[in-house]
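Structural characterization, general
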Amino acid sequence: MLVALSVFLLSNSAVFAEQAKLDVEAVHKLLDVLDAIMDKHADYASESARIDAMPETERGSALEAKASQNASDERINALIDTLHETLAYRMYFSQFRYTTREVHRRVLLALPYAAISSPGGISHNFKELCFHREAVRAWVDEVVGRIDVKRSRDVAEMWLPEGQYGLPPVHFVYDGSGDAFVQLGHVCFDLFGLVMRERPPAVRFEDLSAVDAHRIELVLAHEFHHVFARRLRQTHSSKLDDWRERLKAQLAERMVSEGVAMRCNVEGLRREVMEDPATLEFWFAQLNTKLAELNAGTLSEEQWQHWISASYQQPARERLKDFFTRKDADADIEHLMDQHAPSRPSLIYTLGWWMISRVLETPDGHQRVMQLLATPDRLFMTYNETVGDASALRVEF
């Protein structure tokens, strides 16, 4: 599937070189699935009340029976198949390996009565969407129609060497498992993860026309930057023979990539969290410990990759929780955690932002950062030269 997707994306990328395609098909296909499910359960209000009144021991069986009704419906299953075959979801399943088609199908079939356990809480987002389908169906076309992708490109080009840059195709989903990502020159943008999540649940679907398309444009600028910058790279970690040096270079590549792309769209709380001294001390200590283990031969490649992968999740959430607790111990921390989940300060984003910021502060900082886009393996050396030997926040690589 991944090979087929790669061939398809590459063969179509040239078509949209000068005019970006804004593809909302996946959102409408999802709404079609939810329409079919709600049509099947026209008695939802009374049945939901009946199930809620059941003893706990009986409720599970009743919910399973409702999911089985959906699972046996040919129309619902056919619509789910159609949803999964959209280009946006083919990209999605390639990017998020933990959310398989089978898991996604089980989430949908449990609706509208149950929001089952699911990656990223997507089942709760879909259950909520069941009752606001028409508002979102009209809004998605309206807000996408206001997006100026050329403005997104202009923002991205501020952090790129002079040159000619096309407009990548953009595919929208409504999900919540991620935010935005790039697959072989195409961009996928999650409207729930990047827009709806930050709206209070009680008024999430009210006044959708007030959603700021400019904020969407800035996130697209970030992703466009990734597309353009990958073509500039002159040094590639994959060519290094020593696997330890290759892992270090891969990490530096990702830090440069995110550290520069975030210039397009990061301000406010997310920037504050990534510049928090306690958070920085934690991640520099973690990084230097793992680098020392890698150099000493006590850390395997598999262990290193597991650490990098895990750094996006629980440790980053703990850092965000710690930040909010120190900022206001009396606040509703869990609500803040949910509302600002995309701002959790993970290793790569936090240290990438910090290192690139310090390089930019030098007299020729912009030029040096442009050079790092081409030779990202020089990041740790360039950063250490910038902060000096006296800094407590150095990379011991």
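Quick caveat, the model's predicted, so the values are computed rather than measured.

This part is about empty space enclosed by the protein. Applying the stated rule across the entire model yields three cavities of 30 Å³ or more. Reported here for the largest cavity is a volume of approximately 60 Å³. In terms of lining, the largest cavity is formed by Ala229, Arg230, Arg233, Glu253, Val256, Ser257, Leu372, Leu373 and Pro376. Only helix 13 (243–261) and helix 20 (365–374) provide two or more residues apiece to the lining of the largest cavity. A per-element tally of the lining of the largest cavity places helix 13 first, with three residues.

Before going further, it helps to spend a moment on the nonpolar core. Soluble globular proteins: nonpolar side chains tend toward being buried together. If you look at the biggest cluster of nonpolar residues, it comprises 101 residues, and the most contacted ones within it are Trp139, Tyr174, Phe189, Met255, Leu287, Leu347 and Met355. The residues contacting phenylalanine 189, other than those within four sequence positions of it, are Val170, His171, Phe172, Val173, Asp179, Ala180, Leu194, Val195, Ile216, Val219 and Leu220.

Turning our eyes to something else, we now look at the confidence of the model for the protein. Mean pLDDT over the protein stands at 93; residues scoring 70 or higher make up 95%. In this model residues 10–18 is a low-confidence stretch, pLDDT under 50, and it forms seven contacts with partners more than four residues away in sequence or in other chains.

All right, on to the pattern of salt bridges then. Under the criterion given, the structure shown has 26 salt bridges. Put simply, glutamate 47 and arginine 50 hold a salt bridge, and the shortest N to O gap is 2.9 Å. Of this pair, glutamate 47 and arginine 50 both sit in helix 3 (residues 44–52), three residues apart, which is roughly one turn of the helix. For glutamate 47, a relative accessible area of 13% corresponds to the buried category. Under the relative-accessibility criterion, arginine 50 is labelled partly exposed at 40%.

Size it by volume and the second largest pocket reaches roughly 230 Å³. Lining the second largest pocket are 14 residues, and of these Glu245, Lys248, Ala249, Asp377 and Arg378 sit closest to its centre. Contributions of two or more residues to the lining of the second largest pocket are made by helix 13 and helix 21 (379–387). Per-element tally for the lining of the second largest pocket: the top contributor is helix 13, with five residues.

We now examine the pairing of strand 4 (residues 186–190). Within strand 4, five of the five residues are buried, leaving the element largely enclosed by the surrounding structure. Sheet topology places strand 2 (residues 170–173) next to strand 4; four bridges connect them, and they run parallel. Across the sheet, the residue bridging to phenylalanine 172 is phenylalanine 189, located in strand 4. Here strand 3 (residues 180–183) runs beside strand 4; their pairing, made up of four bridges, is antiparallel. In the sheet register, valine 182 faces strand 4, and the bridge partner there is valine 187. Hairpin connection, strand 3 to strand 4: the antiparallel pair is bridged by two residues, and leucine 184 has positive phi, about 45 degrees.

Let's shift gears to the environment of glutamate 396. With respect to the element layout, glutamate 396 can be found in the segment after helix 21. Assessed through its relative accessible area of 48%, glutamate 396 is described here as partly exposed. Along the sequence, glutamate 396 and leucine 291 sit 105 residues apart, while their C-alpha atoms lie 7.2 Å from each other. Here glutamate 396 is in contact with Asn288 and Leu291, once residues within four sequence places are set aside.

So, on to the sheet that holds strand 4. Sheets are built from strands paired through backbone hydrogen bonds, the pairs being either parallel or antiparallel. Ordered in space as 1-2-4-3, the four strands form an open sheet in which the pairing is mixed. Each of the sheet's edge strands pairs with one partner strand only, and the pair in question is strand 1 (22–23) and strand 3. Contacts between helix 6 (residues 87–95) and the sheet are confined to strand 2, strand 3 and strand 4, with strand 3 contributing the most and set at about 95 degrees to the helix.

Among the residues of helix 21, Leu379, Phe380, Thr382, Tyr383 and Asn384 are the ones counted as buried. Against the buried residues of helix 21 lie helix 13, helix 15 (277–296), helix 19 (347–360) and helix 20. Phi turns positive one or two residues past the end of helix 21, at glycine 388, with a value near 85 degrees.

Rules of the game
- Residues numbered from 1 in each chain as written.
- Predicted model: local features only at pLDDT ≥ 70, side-chain atom pairs only at ≥ 80, totals over all residues.
- Heavy atoms only, no water.
- 1 Å grid on protein atoms, 1.4 Å probe; cavity = no way out; pocket = protein on both sides within 12 Å on 5 of 7 lines; lining within 4 Å.
- Points joined across faces, edges and corners; volume = space filled by probe spheres on them.
- Helix = DSSP H or I, 4+ residues; strand = E, 2+ residues; numbered from the N terminus.
- Core = buried A, V, L, I, M, F, W, Y, C linked by side-chain atoms within 4.5 Å.
- Buried < 20%, exposed > 50% of the residue type's maximum accessible area, 1.4 Å probe, protein only.
- Contact = heavy atoms within 4.5 Å.
- pLDDT = per-residue confidence, 0-100.
- Salt bridge = Lys/Arg side-chain N within 4 Å of Asp/Glu carboxyl O.
- Pairing = 2+ DSSP bridges.
- Axes fitted to C-alpha atoms, helices over the stretch in contact; angles between N-to-C directions.

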